[in-house]
Amino acid sequence: MKEYWQKDLETMHRSDLEKLQTERLKKTIEQASNAPFYKKVFAENNLSADSITSLADLQRFPFTTKNDLREYYPFGLSAVPLKEVVRLHSSSGTTGNPTVVLHTQRDLDEWANQVARCMYMVGLRDTDVFQNTSGYGMFTGGLGFQYGAERLGAMTVPAAAGNSRRQIKFIMDFGTTALHILPSYATRLAEVFQELGIDVKKDTQLTTFCIGAEPHSEEQRKRIEQLLGVKAYNCFGMSEMNGPGVAFECKEQNGLHIWEDYVIVEILDPDTLQPMPDGEVGELVLTTINREAMPLIRYRTRDLTCFITEPCPCGRTHRKIARLKGRSDDMMIVKGVNIFPIQIEKILMNFKDLGMNYFITIDTIGNNDEMTVEVELSEDIQIDDYARLQSLSREITRQLKDEILLTPNVKLVEKGTLPQSEGKAVRVKDLRKLI
Ligand code: AMP
Ligand code: ZN
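Keep in mind the model is a prediction, meaning the values are calculated, not measured.

Take the domain arrangement of the protein chain next. In many analyses, interface size is given as the accessible surface area lost on bringing the parts together. On domain assignment, one finds that the protein chain holds domain 1 (1–256 + 311–318) and domain 2 (331–434). Relative placement of domain 1 and domain 2: their C-alpha centres are 31 Å apart. If you look at the interface, domain 1 gives 19 residues, while domain 2 gives 19 residues. The contact between domain 1 and domain 2 buries some 1500 Å² in all, and 53% of this surface belongs to carbon and sulfur atoms. Counting the surface domain 1 buries against domain 2, the share from its top three residues, Glu191, Glu219 and Arg223, is 36%. Inspection of the domain 1/domain 2 interface yields 0 salt bridges. Summed over the shared surface of domain 1 and domain 2, the number is 7 residue pairs in polar contact (both at pLDDT 80 or more). Going through the elements one at a time, α8 (183–195) and α10 (218–228) are the ones with two or more residues in the side of domain 1 that touches domain 2. For the side of domain 1 that touches domain 2, the element with the highest residue contribution is α8, accounting for 6 residues.

If you want it as structure tokens, here you go:
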């Protein structure tokens, strides 16, 4: 069996890791100064690779934002001649220019290495059959996992997104043991298995799910694990940082190791931009230190998380971040209260009588902001059992009020009524912004 446990790197002593980071950071700054964007930024701030003598010197560098990527679209952050670029990924923004990320062959090799390392960490081996249900193409979850799984040596099934019956046929016929899947799609797939009368635990070889690309709660993970009889590991990535492979849970399932030989991690107060004390939630800010075509310095991800400080029993020394709480731009402010969709999900997932699909609408009614939470019922509950629905709805409202500090309108709807997106789940509609 081929081994993909990079023990020397993954369990490096922290002082050696920091030494490696400092060397790589210096090289990265030198490399970045070839890019038109950073050439300008460094000149304006009188910075260069010589400004780095220790890791703390990174703090002297300004942040990079998604807006910078948009403004310098498409090639203004390229730090190599374009003939050295072998792949471009682009993610469409809802406003303005899309963003572009460029890769040399070396960048792609390193990215595959990162993903293979993550997959090995959760127990996948070259004997596994790995089916990737991500969209291929510009979405990095497709090619990113594809090359990582091939590097690991698994038999890969690039099924791509959608068509649940076809996915299930592949799972059955090819003896698929592992899936990469959006958490919202995992729950949909569980329903289709049920509709087809297939007992996943008895009739398939599935053991491991890599779930990610969108926020999800611990409660949702538990449901996926129970429904499908698998272990589901949280994987986090974003196109600006290549895609999947940035951070991944180990078998402890308690936080995601973030590969610090590839990135320098900061967690900052989004308002003051000062470091948050360990264990307190702030914005994840990442600096690539092993990328050629497009280094990013202090990239503001907008994702909110905190460091987990206890050493991990798995022996890896790369720090862990907690399950992502959402993005700062996902935060809803209703009647002056800050609310993240994941807080609502966490409550809903604890009710056995509820299904997995929900939708939040915020609207102005009269002079007041109102929040409506529509949630699908599970199959086992009769839609005309009014007394039961009423008491269920009352209890959900009470628990939501305790969590989010305001009283939403709760609407229980029949299974299959709410929209189901093929890509990342869309959970919130804010009609106030349309006025
Ligand atoms: P994209 O660049 O389109 O792949 O989107 C990346 C974004 O998806 C990240 O910045 C996160 O907001 C979100 N995301 C990816 N993986 C996870 C995860 N495991 N948990 C929560 N959010 C995630
Ligand atoms: Zn660990």
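Structure's up, so let's keep going.
Most of helix α11 (residues 341–348) sits inside the fold, with 7 of its 8 residues counted as buried. Regarding α11, the residues found buried are Pro341, Ile342, Gln343, Ile344, Glu345, Ile347 and Leu348.

A few words on the packing of α11 against helix α12 (residues 386–404). Their axes nearest at 10 Å, the elements α11 and α12 cross at an angle of 145°. The handedness of the crossing between α11 and α12 comes out as right-handed. Contact residues: α11 offers Gln343, Ile344, Lys346, Ile347 and Leu348, while α12 offers Ile396, Gln399, Leu400, Glu403 and Ile404. Here the residues of the contact of α11 with α12 sort into 6 nonpolar, 2 polar and 2 charged.

A few words on the coordination of the zinc ion (ligand 2). The zinc ion (ligand 2) binds to the protein through Cys250 (SG), His257 (NE2), Cys312 (SG) and Cys314 (SG), with metal-donor distances spanning 2.1 to 2.3 Å. Coordination at the zinc ion (ligand 2) is tetrahedral, judged from the 4 donor atoms that bind it and the angles of 103 to 119° they form at the metal. On the accessibility criterion, Cys250 (0% relative accessible area) is buried. Residue class for Cys314 comes out partly exposed when judged on its relative accessible area of 24%.

With omega at -5°, the peptide bond leading from Tyr73 into Pro74 counts as cis. For Pro74, the location among the structural elements is in the loop between α4 (66–71) and β1 (87–91). Phi angles above zero are rare outside glycine, and Leu273 is one such case at about 60°. Here Leu273 lies in the loop between β10 (263–268) and β11 (282–288). We classify Leu273 as partly exposed; its relative accessible area is 24%. One non-glycine residue, Leu405, adopts positive backbone phi at about 65°. Note on placement: Leu405 falls in the loop between α12 and β20 (409–413).

An order of β20-β19-β18-β21 is seen for the 4 strands of this open sheet, with the pairing classed as mixed. Strands at the two margins of the open sheet, each flanked by one partner only, are β20 and β21 (428–430). Within this sheet the neighbouring strands show an average axis-to-axis angle of 15°, counted without direction. Note: strand β18 (residues 354–365) against strand β19 (residues 368–377), 9 bridges, orientation antiparallel. The partner of Ile360 across the bridge, within β19, is Val373. Sheet strands in contact with α12 are β18, β19 and β20, and its direction is about 135° off that of β20.

Calculation criteria
Residues numbered from 1 in each chain as written. Chains lettered and ligands numbered in written order. Predicted model: local features only at pLDDT ≥ 70, side-chain atom pairs only at ≥ 80, totals over all residues. Heavy atoms only, no water. Domains from an automatic or database assignment. Contact = heavy atoms within 4.5 Å. Buried area = accessible area lost by both parts, 1.4 Å probe. Salt bridge = Lys/Arg side-chain N within 4 Å of Asp/Glu carboxyl O. Polar contact = N/O pair within 3.5 Å; in protein donor to acceptor, adjacent residues only side chain to side chain. Helix = DSSP H or I, 4+ residues; strand = E, 2+ residues; numbered from the N terminus. Buried < 20%, exposed > 50% of the residue type's maximum accessible area, 1.4 Å probe, protein only. Axes fitted to C-alpha atoms, helices over the stretch in contact; angles between N-to-C directions. Left-handed = near helix turned anticlockwise from the far one by under 90°. Nonpolar A, V, L, I, M, F, W, Y, C, P; charged D, E, K, R; others polar. Donors = N, O, S within 2.8 Å, 3.2 Å for Na, K, Ca; no water. Tetrahedral: all angles 85-135°; square planar, octahedral: opposite > 155°, others 65-115°. Pairing = 2+ DSSP bridges.

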